[in-house]
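Report on the structure
As a plain string of letters, each chain reads:
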Amino acid sequence: MSYTINVNGQPRTVEVEADTPLLWVLRDELELKGSKFGCGMGLCGACTVHIDGRASRSCVTPVSAVGDAKITTIEAIGDSEAGKKLQDAWLALDVMQCGYCQAGQIMTAAALLTRTAQPTDQDIDDAMSGNLCRCATYTRIRAAIKQAAGLPTEDKREMA
Amino acid sequence: MSPSDLDRAHRPAGAQQSGVSRRTFLKAGAAVGGGFMLDFSIPAFAHFAGSGPAASATLNAYIRIMPNGETFIVNKNPEIGQGIKTSFPMIIAEELDVAWKDVRAEDAEVDPVRYGGQFAGGSLSIPMNYDLLRRVGAAARLMLVTAAAHDWNVPVEECETADGVVSHKGRNRQATYGQLAGQAARVPPPNPATVKLKDPKDFKIIGKPIGGVDSPRIVKGEPIFGIDVTVPGMKYAVYEKCPVYNGKFVSANLDEVKALPGVRGVYVIKGNVTALDAGLYNGLTDGVAIVADKWHQANRALGKLQVKWDEGETAKHSTRGFVAKDAELAKNPAETSLKKDGDVDQALKGAAKVLEARYEVPFVNHSALEPMNTTVAIRNGKVEIWSPTQMPGGGKTAVSKLLGIPEPDITLHVTRSGGGFGRRLSNDFMVEAAAIAKAHGEPVKLLRNRRQDVQSGVFRAGGFHHFQAGLDATGKLTAFRDHFVTFSNSGKVAGSATLGATEFPAGFVPNLDLGFSMMPLDIPTGPMRAPGSNTLAFAYQSFLDELAHAAGKDPLQFQLDLLGPAKKPAVNKTQFGEQVGFDNARMAVVLKAVAEKSGWGKKLPKGTGMGLACYFSHQGYFAEVVQASVNRKSGEVHVEKVWVAGDVGRQIVNPSPGNNQVEGATIDGVSQALAQALTFTDGRVVQSNFHDYPLLRMHQAPKVEVHFVMTDNNPTGLGEPALPPVVPALTNAIFAATGRRVRTLPINAGELKGFA
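Residues numbered from 1 in each chain as written. Chains lettered and ligands numbered in written order. Predicted model: local features only at pLDDT ≥ 70, side-chain atom pairs only at ≥ 80, totals over all residues.

1. Points about the pairing of strand β18 (residues 444-447) of chain B
For a regular strand, side chains alternate in direction, first toward one face of the sheet and then toward the other. Residue and element names in this part refer to chain B. Side chains V444 and L446 of β18 all project onto a buried face; the interleaved residues K445 and L447 project onto the opposite face, where all are buried too. Here three bridges tie strand β8 (residues 235-241) to β18, and the two strands are oriented parallel to one another. From the neighbouring strand, Y236 faces β18, where its bridge partner is K445. Direction of pairing for strand β15 (residues 373-379) relative to β18: antiparallel, over a ladder of four bridges. Counted as the bridge partner of T374 is L446 from β18. (Buried ≥ 20, exposed ≤ 12 C-beta atoms within 10 Å, placed from the backbone. Helix = DSSP H or I, 4+ residues; strand = E, 2+ residues; numbered from the N terminus. Pairing = 2+ DSSP bridges.)

Okay, here's the thing in structure tokens:
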């Protein structure tokens, strides 16, 4: 089947079977390798892209379901204000260890900041809990989201 | 060298690991570089003029300088997220005396002649290379200064350097490294053993937090991981093996699968593994390879593949069976004695209090987020490999054997790894990719799906501890016994399923008996982040906490009393260089530090508690306090905060990834303790993905506060030693909160609910 989908502002036409996950269209048809394969079941968030601005798991999104929605990937997230601020904060706080999950983390965080410009710790927990970081850089991911939002980076979660 | 060698890296004296023969040891020594840490005869320092791009000048195997001053510095070891691609060039750049902004970090080819050992394991990169790399930088700096001094006709000693410029104050002369590099490359390399090193107080780069050199590319999604490799004409492959390890292929619906969309070939591949050799899992086991135009097509076709396997005896393995066998073995004394001091039985008879406890840890999987993968191209008898591996040398050798192609005809590019944790010390995936590329005849990228990655592991072995201990009337520990029930592969201790004769409190209790018994296991096990230590710390430090409470002592005071007055630590020669054994004084210092930082002893509300534990591994000393609360109704554990005090010597090379490793390792340990267990039924791994093998998520991640205690000891690694103590610190906190003792991992909330 032939599908024309809008990726990072460009119409792109691919010849793939209808059940091909968007992730593999991006990675292997369009050579956009930034979105990562982790689980194939929408459990880890490494494949997160924006579909019409919503953080979505591309590994469980068949290409046939995309229609004329606008897809944004990590490769273009720096063109948005929130995306650029997040990338800068990620580098300033040296968030990553292996880095494999971080594209997905940034994509989910960008959707969060677009929706909620000044997130609380609870907002961050709610938005980010679908994205696994095996290296467990959660402390710095939390701080970097706050820094990108112009907030103090301190972890204010309550303790006994 | 094999992964099991790395087990011993942190437990050199009396370690019980029979997986490596003397022959292997000697061979391994040669592969690692035959004492390259001290022997500077390796060509790292020799001339490589003309080996770099035109107009650049190569000073040694690590350093190439452009006329504009851009300085290319090679990182020789695999980058798996520990930050070595940044830290190694920092060390060289410091002594070379260049500005960090002019440094470009490059990945090395796998070349043991130039670089000696190239691996990421055992938290050994820094202890094995810190001094060497400083000398690499200092020797190159001296060559640049010598070139300038010759040019200006002044003594070398009168020249100074800073930020890539040589200057002579008296003559008011200066020249950039870029200008001097061509001449410097013709200066005879100085003796690196005697070259002058900087006074650490003058460091401008080492000790400063510097961001990862690849990070700017990662935040933009550039393709730098193994999974991102693309080679012209490449096809994609999946490889399905028997769900029972090393099961043999019998038959399959190959023709049906061949006809599926995009499939270009289906191949039955025969394995070469005859018996498990503890710690060396570079072998090939039977499987069916599906090669397709695209990975999704190969993976989808896998759903239609039906294979009949001969599962063999391994199908009789089960978690339930392991537990039953443990009960049987525990009835008898330990089969093998590791250490006997005094008379434990006699001391127990005379003890005021005797405690007995059984501890159990499960098998776990590494779960690196980037599934195992490798790309292989075989053309005209030459092999090119792109692989996210931690142990490239072992992979290259295994591929050479498999294909019958000599190692010099194999080029191995080590890509960035999406997490390692020890899994990539075994190169089974590289060997499989090579076999498939050979069968198919075109370049192939092999990628495992998550189910395959979970189930086709080299697992952290489970194990069982049967403790007995005695306290005298004053609460002093007088007798200590552990009968460790573990696993064997082919009659030897299974990979990383070890206990050493130096395990604390060995040497600190007058009557002590450490020994082990084994049950056979035909499933691969191997090193996972802080191998051995990641289970031993839980069992030993939890039981010591039990003893502290039984003695009516504060756990901190009990540990300090047990450590006693400072003793002179042993110095052990190992294949990884000289290593200093357990230093009780260093441990006492980090214990006191973490107690102070955490406010140890403060009053907490009911259902909330603090737990303390400490552990020595990978030459690092870590003491940790966990504050956790337990929900009385559900038994759910909430880990609020971890305080860490660590001593890894006099220098943290790069504090940014250094802190990140400690934060990550502690949260990793919490993640394991809370939820991770692999179980076996009919020889198969039951779990398959992150729904039934959960990793800790953002909302569960505790706050982590890290403090380094700086001591005048050689710098050691940070990838691993922060992990082991967090697990018992957590279970000890649960005891403080609930009065219930966790003796089996993972923590079972059902057993905690309704605490009094």
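The rest of the description comes next.
2. Quick word on the sheet that holds strand β25 (residues 608-617) of chain B
All names here are of chain B. Reading across the sheet, the four strands line up as β25-β26-β27-β30 and stay open at both edges, with mixed pairing between neighbours. At either margin of the open sheet sits one strand with a lone partner, and together these are β25 and β30 (703-708). Direction aside, the axes of adjacent strands within the sheet are offset by 15 degrees on average. The pairing of β25 with strand β26 (residues 620-630) spans ten bridges and is antiparallel. Paired with F616 across the strands is Y621, a residue of β26. (Axes fitted to C-alpha atoms, helices over the stretch in contact; angles between N-to-C directions.)

3. Observations concerning the domain arrangement of chain B
All names here are of chain B. Along its sequence, chain B is carved into domain 1 (3-204), domain 2 (226-313 + 366-455) and domain 3 (319-364 + 459-751). Computed over C-alpha atoms, the centres of domain 2 and domain 3 are 36 Å apart. With 22 residues of domain 2 at the interface, the matching set in domain 3 holds 22 residues. Its residues assigned to classes, the side of domain 2 that touches domain 3 comprises ten nonpolar, seven polar and five charged. (Domains from an automatic or database assignment. Contact = placed C-beta atoms within 7 Å. Nonpolar A, V, L, I, M, F, W, Y, C, P; charged D, E, K, R; others polar.)

4. Here's the deal with the pairing of strand β23 (residues 571-574) of chain B
Residues and elements named next belong to chain B. Bridge count between β23 and strand β24 (residues 577-580): four bridges; the pairing is antiparallel. From the neighbouring strand, N572 faces β24, where its bridge partner is Q579. Counting the residues between successive antiparallel strands, the hairpin from β23 to β24 contains two residues.

5. Brief notes about the interface of chain B and chain A
Counting residues at the interface gives 54 residues for chain B and 48 residues for chain A. Contributions of two or more residues to the side of chain B that touches chain A are made by α7 (215-218), α9 (295-302), β26, β27 (637-647), α18 (655-675) and β30 of chain B. For the side of chain B that touches chain A, the element with the highest residue contribution is α18(B), accounting for seven residues. Its residues assigned to classes, the side of chain B that touches chain A shows 22 nonpolar, 21 polar and eleven charged.

6. A closer look at the environment of B:L499
When you line up the elements, B:L499 lands in the loop between β21 (492-493) and β22 (511-520). Taking C-alpha positions, B:L499 is 9.0 Å from B:T486, a pair spaced 13 residues apart along the chain.

7. Observations concerning helix α19 (residues 726-738) of chain B
Residues and elements named next belong to chain B. The end-to-end C-alpha separation of α19 is 18 Å, in line with the 18 Å expected for 13 residues at 1.5 Å each. A large share of α19 lies buried, amounting to twelve of its 13 residues. Among the residues of α19, those classed as buried are V726, V727, P728, A729, L730, T731, N732, A733, I734, A736, A737 and T738. Tucked into the core, α19 has its buried residues touching α15 (533-550), α16 (555-563), β25, β26, β27 and α18. In the stretch just after α19, G739 is the one whose phi turns positive, near 75 degrees. (Expected span 1.5 Å × (residues − 1).)

8. Quick look at the domain arrangement of chain A
Residues and elements named next belong to chain A. Along its sequence, chain A is carved into domain 1 (2-76) and domain 2 (77-148). With centres defined by C-alpha atoms, the gap from domain 1 to domain 2 works out at 20 Å. Breaking the side of domain 1 that touches domain 2 down by element, the ones donating at least two residues are β3 (48-51), β4 (54-57) and α2 (74-77). Grouping the constituent residues of the side of domain 1 that touches domain 2 by class yields seven nonpolar, seven polar and two charged.

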